[in-house]
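# Coordinate analysis (summary)
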Amino acid sequence: MTIKEIAALADVSPATVSRYMNNGYISKEKRERIRAIIEQTGYSPSMHAQTLRTRKTMLIGVIVPKINSESISRMTSGISQALSETGYQMLLADTENDTEKELEYLNLFKNNPVDGIILFGTSITEKHKAFMENNSIPLVVIGQKTTLASCIYHDDRTASFVLTEKMILSGKKKLAFLGVTPDDPACGIERKQGFLDALSHYHLTFNPRLEEICEFDIRSGYDHMDSLLKKNQDFNGVFCATDMIAAGAIKRLQEEHLLIPGQVAVTGIGHNPIICMAISPQLTTAHLHYRVCGRHATNLLLGLINDDNEIISQTKLGFEIVEGETV
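Residues numbered from 1 in each chain as written. Predicted model: local features only at pLDDT ≥ 70, side-chain atom pairs only at ≥ 80, totals over all residues. Heavy atoms only, no water.

### Some remarks on the overall build of the chain
Using the following cut-off: Strands here are runs of E lasting at least two residues and helices are runs of H or I lasting at least four, both read from the DSSP assignment and numbered beginning at the N terminus. Throughout, the radius of gyration refers to the C-alpha atoms, and the reference size of a globule is 2.2 Å times the residue count to the power 0.38. Summary of the burial criterion: residues with accessible area below 20% of their type's maximum are buried, those above 50% are exposed, and those between are partly exposed, where the area comes from a 1.4 Å probe applied to protein chains only. Working rule for contacts: check all heavy atoms of both residues, and any pair within 4.5 Å makes them a contact. Per-residue accessibility takes into account occlusion by the displayed protein chains alone, with areas from the Shrake-Rupley method and a 1.4 Å probe. When charges are counted, Lys and Arg contribute as positive and Asp and Glu as negative, whereas His and the chain ends are disregarded. All charge positions are set by atom: Lys at NZ, Arg at CZ, Asp at CG, Glu at CD.
Summing up its helical and strand segments, the chain has 13 helices and 12 strands in all. For 327 residues, the compact-globule estimate of 2.2 N^0.38 gives 20 Å, and the C-alpha radius of gyration of the chain, at 25 Å, exceeds that figure by more than 25%. Judged by the C-alpha coordinates and their principal axes, the chain covers about 85 × 40 × 30 Å. Considering the chain as a whole, with its 327 residues, one finds that 46% of them fall into the buried category. Long-range pairs, those at least 24 residues apart, make up 70% of the contacts in the chain with a sequence separation of at least 6. Counting every atom, the chain has about 16,100 Å² of accessible surface; 51% of that belongs to carbon and sulfur. A distance of 4 Å separates the average location of the 33 positive side-chain charges in the chain from that of its 39 negative side-chain charges.

Okay, structure coming up:
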């Protein structure tokens, strides 16, 4: 079917059908006639023709480090919800935590018909910076702070400070730290700095032997808690950079028959609902607004797409402490 054929069947002009397709003004009676014909014939406008006419593909490229992450699924859900309200569709690319793949997808989307890109940032390398400095397509980074592109990120440092402070105020002053690689600035640097800020605020010193660098999974939390226990170090509280790490740490502590929080307090961060429901005692953690983050990032990107004057903006989201039973 063509627009001319739809117009003939609806007894209107092709221009009227075109205005209908583009949400322009036409009378209610003509709108209803066109809608009925489109429904009867199953007509679908040519995406190629629409792209030539509007210079928009109505496609957004979304680059994620992995698809089997609960926090990432919440953010992509927020993106999907926001896009569905505007007629845009999402093209999802999974980098499998490979920064080189991340750059490949950035260039792929830049050179192919998408209207904008949302990048779930894990690290901002020199190559990332070079891409952003020479990029002409609207781009929003989620999860990492940068001055080279619009971004939306979490207040990881303050959340970590408050969680650490809770352990200190509960009487736990010999604290261990199960962190992640500093290649991830948000999780690896900001969360550690919040932990150290709290110790400094209460005039406590940190024993570097009580630090372990983990992967982002339960097994790693378990193994690195096992490593801490084998060092025979004296600690009565553990800050974990993620809920997954905390779940593994708790399992290993319980195998040693250590009471939580009586003998050892534990905190996570992220408020993973599956982890928080599955482990006992319930984890004290910080709820990060992942779904809201996805929606905000999408709205920010659509604003850049629809505005010729791109203004780089940085948005920091707050958090909520979830009172569990591990502190």
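### Things to note about unusual backbone geometry
For the peptide bond that leads from Ile-260 to Pro-261, omega is 5°, which places it in the cis range. Of note, Pro-261 is situated in the loop between α11 (243–255) and β9 (265–267). The amide bond that connects Ser-280 to the next residue, Pro-281, takes the cis arrangement and shows omega of 0°. Positive phi, normally seen in glycine, also occurs at Asp-11, with a value near 60°. The topology assignment puts Asp-11 in the loop between α1 (3–10) and α2 (14–21). Residue class for Asp-11 comes out exposed when judged on its relative accessible area of 63%.

### A look at the packing of helix α10 (residues 218–230) against α11
Keep this limit in mind: A fitted line through C-alpha atoms serves as each axis, taken over the contacting stretch for helices, and the angle formed by two N-to-C directions is quoted from 0 to 180°. In what follows, roughly perpendicular refers to angles from 65 to 115 degrees, roughly parallel to angles under 35, roughly antiparallel to angles over 145, and oblique to any angle outside these ranges. A clockwise turn of the near helix away from the far one marks a right-handed crossing, whereas an anticlockwise turn of less than a right angle marks a left-handed crossing. The nonpolar class holds Ala, Val, Leu, Ile, Met, Phe, Trp, Tyr, Cys and Pro. Asp, Glu, Lys and Arg form the charged class, and all remaining residues, Gly among them, are polar.
It is the contact of α10 with α11, at a shortest axis distance of 6 Å, that shows an interaxial angle of 45°. Overall, the two elements α10 and α11 adopt an arrangement that is oblique. As for how α10 packs across α11, the hand of that crossing is right-handed. Judged by residue contacts, Ile-218, Gly-221, Tyr-222, Met-225, Asp-226 and Leu-229 of α10 engage Met-244, Ile-245, Ala-247, Gly-248, Ala-249, Lys-251, Arg-252, Leu-253 and Glu-255 from α11. Here the residues of the contact of α10 with α11 sort into nine nonpolar, two polar and four charged.

### A look at the nonpolar core
Basically, it comes down to this: The nonpolar core is taken to be a set of buried Ala, Val, Leu, Ile, Met, Phe, Trp, Tyr and Cys residues, with the residues joined through side-chain atoms within 4.5 Å.
Formed by 25 residues in total, the largest nonpolar core has its most connected members in Leu-178, Met-225, Phe-235, Val-238, Cys-240, Leu-253 and Val-266. Ranked by residues supplied to this core, first place goes to α11 with six residues. Dropping the residues within four chain positions of it, Val-266 is found in contact with Met-167, Val-238, Cys-240, Ala-246, Ile-250, Leu-253, Ile-260, Leu-283, Thr-284, Thr-326 and Val-327. By size, the runner-up hydrophobic cluster in this structure holds 22 residues, among which are Val-62, Val-64, Leu-288 and Cys-293.

### Considering the sheet that holds strand β7 (residues 211–214)
To be explicit about the condition: Note on pairing: DSSP must find at least two bridges between two strands before they are called paired.
One open sheet accounts for four strands, arranged β7-β6-β8-β9; its pairing is parallel. Bordering the open sheet on either side are β7 and β9, each of which pairs with just one other strand. For this sheet, the mean inter-axis angle between neighbouring strands, taken without regard to orientation, is 15°. Alignment of strand β8 (residues 237–240) against β9, held across three bridges, turns out to be parallel. Within β9, the residue paired with Val-238 across the bridge is Val-266. On the sheet, helix α8 (residues 156–169) packs against β6 (175–180), β8 and β9 and is oriented at approximately 170° with respect to β8.

### A look at the side chain of Glu-70
Tracing the sequence through the fold places Glu-70 in helix α5 (residues 70–84). Not counting residues within four places of it along the chain, the set of residues in contact with Glu-70 comprises Asn-272, Pro-273 and Ile-274.

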